[in-house]
Amino acid sequence: MPLTGELEHLPIVDVIQLIHSTRKSGTLNVYSRKGEGQLVFNNGYIISATHSSEKLKIGKILLESHIINQDELDKALELQSRSGDDRKPLIATLLDHCGLSKEAAFKALETLIEMTVVEMICWTRGIFTLDIDEIKVSDDYRFLPKNLQTVNLDTQMVLMDALRIFDEKIHSGEIQLSHEPLEENPLEKIETETKSQLQDDADTEEILVSEDLLGLADLDKLERKKPYIFKGLEAFDPADIHRQVIDTTLPDIPEEGKGKLVSFLSSISTTYLGENVSPTSTAKSQAVIIYTCDEFLQHAVMTVCKKEGILVFVTNNLKELNNLVDRALFKYLEPILVFGSPVDETEGFSKEDIIDARSLKMAQYPQISIIQLASPLDFSFSLQSLNDGTRAVFPMPYFSEREETFAEDMINFLNTFQVYIRGCFNEERRQQFAKLRNSLSGLRLLRKAPDISLLVLQFVSELFERTVTLIVDRNDMITERSVGIMSAKEDGPAAPMKFRVPIRKASIFSEVIRSGNSFFGKSEDSTLGDLIYPEIGIPADATFLLLPLKSNDRVITITYADFGSLQANRVSLDFLEFFVGQAGIAMENALFRKQLDNPKPPKVIH
């Protein structure tokens with residue numbers, strides 16, 4: 001029987017992750033005043049997506065990605081128009097007749113799925129229906145070229161990409177969040193629709209809210225049906241999901257204990273919104289990645305993290321774990337890796353296997369924090385985990401060790417884990433990651449060296465009261481634009497200052513230029529007192545930052561920053577260094593493009 005619910009009470013991100021974590025197959029239909037969409041799942045993986053938006057056309061995706069040109073698209077459409085009943089979908093036509101590669105086709109389909117999810121994330125009001133075990137893809141969708149038959153997109157990866165794209169669009173102003181109007185009790189209103197209305201509307205042909213995607217059929221060949229939900233539909237209750245997971249994964253605990261766990265998980269199943277914050281406006285800058293074969297633990301920790309507004313991804317596959325960590329770091333998320341307790345009877349999850357996997361992750365990703373779960377009776381494993389460098393070891397209850405109090409012990413464990421993980425992602429760090437991610441998103445759009453240098457100045461000025469860019473010349477530095485020096489910080493970047501600062505030998509500035517390393521602290525360097533402070537004024541605190549921007553292995557600018565009239569604060573230097581490193585890469589690309597646009601004339605040998 002189909003399940004139904006309201007987006008106001010259960011955001012679409014939570015619905016998608018529930019389907020993935022429980023490895024459900026079926027069709028998820030989402031209806032909002034902003035549009036209609038559909039996601040099709042097979043064992044928790046997305047295999048198809050459709051949407052009513054005119055922006056989400058596979059041809060447009062291919063054009064905007066510069067995978068095909070307008071002539072190739074026109075040729076494919078012309079071939080389709082002449083094919084009659086033998087007409088193939090657009091991607092199939094492009095593959096067969098226009099030289100579209102399998103890799104490019106797959107990437108376009110993946111992008112279209114991501115953008116469909118992005119559109120759905122914007123909807124704060126509406127309804128969804130989930131038809132379990134029903135793959136509602138019409139026959140027209142079932143034409144799959146042989147080289148695309150294995151398309152099965154990892155839901156967690158798609159969701160991670162979609163949330164990153166969503167945040168970028170919020171930052172750039174492409175998406176404006178608003179609570180769209182909706183009638184009270186929308187489900188009740190829909191349920192009162194009569195069967196006669198369904199029959200009347202079924203006689204009117206409409207276009208299905210769909211696209212050339214995985215099924216690869218054409219938009220104009222599909223039909224669209226309005227959603228009708230009758231009283232026979234079962235309301236979507238998160239408690240039912242918790243009960244199903246507990247019955248399946250913890251069959252031996254008493255019914256009373258099952259009831260306590262269901263009640264506890266249901267009580268924390270509300271997504272964290274904070275004060276006056278919509279489900280989609282909370283910046284997703286941190287993530288928990290769980291590696292365990294314990295399906296109940298996966299589900300329970302996911303529920304706890306969602307209560308705190310933290311993205312959570314689960315896996316019992318070592319290869320998939322690597323992909324999740326890589327993708328999280330690439331998307332500028334702050335991941336914490338949680339290893340489940342050893343399970344000696346499960347292949348790949350013995351103590352030795354867990355230690356080996358954990359050691360490998362520590363070597364591969366030294367910058368991320370690792371939490372280890374362990375039996376409270378296995379103190380040697382816990383001590384070894386701490387000795388190896390894990391951030392924390394949490395005692396986790398085992399049913400075989402404390403049967404009578406297992407439910408109470410598990411609830412205490414989850415409550416404590418929730419408090420701890422909240423502290424790991426403190427608000428300051430969360431805001432810093434959000435600023436870093438947004439600035440990196442803006443960096444990708446820049447093509448000129450001055451714009452990149454200005455963005456670095458603005459990023460640093462978020463953490464300091466006074467900042468100025470110093471352009472490094474051969475023998476001196478030229479002061480460029482500044483923030484908080486010529487005018488108030490709130491006024492933004494001021495005009496270039498243009499006074500020169502000679503580079504003195506054995507100065508801190510000379511060392512930063514030579515080594516390419518940043519400096520943060522106090523110094524008695526005479527360059528400051530003799531040459532810089534007479535021009536910009538002496539700060540109240542002597543702590544300052546010198547942040548070099550390198551391009552082609554040479555420092556081309558230094559961003560100077562201090563705290564002005566305020567006392568020095570703690571600064572996350574790793575954020576600054578990471579951002580300026582990415583800015584250096586962008587600067588190299590900008591200079592390379594400039595060389596391509598303005599090539600030097602060939603030398604003429606007489």
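Our subject is the structure that appears above.
What you are looking at is a predicted structure, and each value in this text was computed from that prediction instead of being measured.

**So, the overall build of the protein chain**
Then, number 1: Each helix and strand in the protein chain was counted, giving 20 helices and 17 strands.
Then, number 2: For the protein chain, with 606 residues in total, the buried portion stands at 51%.
Then, number 3: Long-range contacts, defined here as pairs at least 24 residues apart, represent 69% of the contacts in the protein chain between residues at least 6 apart.
Then, number 4: For the protein chain, the computed accessible surface area is about 29400 Å², with 50% contributed by carbon and sulfur atoms.

**Overview of the nonpolar core**
For soluble globular proteins, nonpolar side chains are generally found buried alongside one another.
Then, number 1: Counting residues in hydrophobic clusters, the biggest one holds 94 residues, and the most contacted among them are Ile12, Leu28, Leu261, Val288 and Phe296.
Then, number 2: Here Ile12 is in contact with Leu7, Leu28, Val30, Met120 and Ile121, once residues within four sequence places are set aside.
Then, number 3: Ranked by size, the runner-up nonpolar core spans 25 residues in total, among them Leu440, Ile452, Ala561 and Phe575.

**As for the packing of helix 1 (residues 12–21) against helix 11 (residues 295–307)**
Then, number 1: Viewed as axis vectors pointing N to C, helix 1 and helix 11 meet at an angle of 170 degrees, and their least axial separation amounts to 11 Å. The angle between helix 1 and helix 11 falls in the class roughly antiparallel. Across from Val13, Asp14, Gln17, Leu18 and Ser21 in helix 1, the residues of helix 11 making contact are His299, Met302 and Lys306.
Then, number 2: Per-class residue counts for the contact of helix 1 with helix 11 are 3 nonpolar, 3 polar and 2 charged.

**Things to note about the environment of Thr315**
Then, number 1: Looking at the secondary structure, you find Thr315 in strand 8 (residues 311–315).
Then, number 2: Residue classification places Thr315 among the buried positions, given a relative accessible area of 1%.
Then, number 3: Separated by 21 residues in sequence, Thr315 and Asp294 place their C-alpha atoms 9.8 Å apart.
Then, number 4: The residues contacting Thr315, other than those within four sequence positions of it, are Ile290, Tyr291, Thr292, Gln298, Glu320, Leu321 and Leu324.
Then, number 5: Within the local environment of Thr315, its side chain forms a polar contact with the side chain of Glu320, the two groups lying 2.4 Å apart.

Each value, and the rule that gives it
- Residues numbered from 1 in each chain as written.
- Predicted model: local features only at pLDDT ≥ 70, side-chain atom pairs only at ≥ 80, totals over all residues.
- Heavy atoms only, no water.
- Helix = DSSP H or I, 4+ residues; strand = E, 2+ residues; numbered from the N terminus.
- Buried < 20%, exposed > 50% of the residue type's maximum accessible area, 1.4 Å probe, protein only.
- Contact = heavy atoms within 4.5 Å.
- Areas by Shrake-Rupley, 256 points an atom, 1.4 Å probe, with all protein chains shown as cover.
- Core = buried A, V, L, I, M, F, W, Y, C linked by side-chain atoms within 4.5 Å.
- Axes fitted to C-alpha atoms, helices over the stretch in contact; angles between N-to-C directions.
- Parallel < 35°, antiparallel > 145°, perpendicular 65-115°, else oblique.
- Nonpolar A, V, L, I, M, F, W, Y, C, P; charged D, E, K, R; others polar.
- Polar contact = N/O pair within 3.5 Å; in protein donor to acceptor, adjacent residues only side chain to side chain.

Note that every value here comes from positions in space, so none of it alone points to a role or purpose.
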